[in-house]
Amino acid sequence: MENPFKDIDKPLKSVPEELKAKVMNDIAIAKLIMELAELFSYNFGDVIETVMSRRDKK
């Protein structure tokens, strides 16, 4: 097995455009899913907090 740290000094190799596009698309999808999950989880927490605070006032 080769030492991967020997390649740190060498110039970067170019990546095929198809692979780069696929990776960027996968990252965009993952980011979208994370943002949607954050949106819904925050709203549910806010709704529960609002309902509980209004119950206490009555």
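Let me begin by describing the structure that accompanies this report. (Residues numbered from 1 in each chain as written. Predicted model: local features only at pLDDT ≥ 70, side-chain atom pairs only at ≥ 80, totals over all residues. Heavy atoms only, no water.)

Topic: the overall build of the chain
Broken down by element type, the chain carries one helix and zero strands. A compact globule built from 58 residues would reach a C-alpha radius of gyration of about 10 Å, whereas the chain, at 23 Å, exceeds it by more than 25%. When the backbone C-alpha atoms are referred to their principal axes, the chain occupies close to 70 × 25 × 20 Å. Counting only carbon and sulfur atoms, one obtains 64% of the accessible surface of the chain, whose full area is about 6,300 Å². Averaging the locations of the 10 positively and 11 negatively charged side chains of the chain gives two centres separated by 5 Å. (Helix = DSSP H or I, 4+ residues; strand = E, 2+ residues; numbered from the N terminus. Rg over C-alpha atoms; globule rule 2.2 N^0.38 Å. Areas by Shrake-Rupley, 256 points an atom, 1.4 Å probe, with all protein chains shown as cover. Lys, Arg positive; Asp, Glu negative; His and termini not counted. Charge placed at Lys NZ, Arg CZ, Asp CG, Glu CD.)

Considerations on a nonpolar patch on the surface
On the surface, Leu-32, Leu-36, Leu-39, Phe-40, Phe-44, Ile-48 and Met-52 cluster together to form a nonpolar patch covering roughly 720 Å² of accessible area. Secondary-structure assignment places Met-52 in helix α1 (residues 17-57). (Patch = residues over 30% accessible without salt bridge, like charges linked within 9 Å, V, L, I, M, F, W, Y side chains within 5 Å. Salt bridge = Lys/Arg side-chain N within 4 Å of Asp/Glu carboxyl O.)

With respect to the pattern of salt bridges
This structure, assessed with the given rule, holds two salt bridges. Lys-10 is the partner of Asp-7 in a salt bridge, and the nearest nitrogen-oxygen pair spans 3.4 Å. Given a relative accessible area of 52%, Lys-10 falls into the exposed group. The partner of Asp-26 in a salt bridge is Lys-22, with the nearest N and O atoms 3.1 Å apart. In this pair, Asp-26 and Lys-22 both sit in helix α1, four residues apart, roughly one turn of the helix. A relative accessible area of 39% places Asp-26 in the partly exposed class. (Buried < 20%, exposed > 50% of the residue type's maximum accessible area, 1.4 Å probe, protein only.)

Description of the environment of Leu-12
Tracing the sequence through the fold places Leu-12 in the segment before α1. When the C-alpha positions of Leu-12 and Leu-32 are compared, they lie 29 Å apart, and in sequence the two are 20 residues distant.

Topic: the environment of Asn-43
Positionally, Asn-43 belongs in helix α1. Assessed through its relative accessible area of 36%, Asn-43 is described here as partly exposed. Residues Asn-43 and Asp-9, spaced 34 residues apart in sequence, show a C-alpha to C-alpha distance of 48 Å.

Observations concerning the environment of Phe-44
Looking at the element boundaries, Phe-44 is found in helix α1. Residue classification places Phe-44 among the exposed residues on the basis of a relative accessible area of 56%. Considering only alpha carbons, one finds Phe-44 and Lys-22, 22 residues apart in sequence, at a separation of 33 Å.

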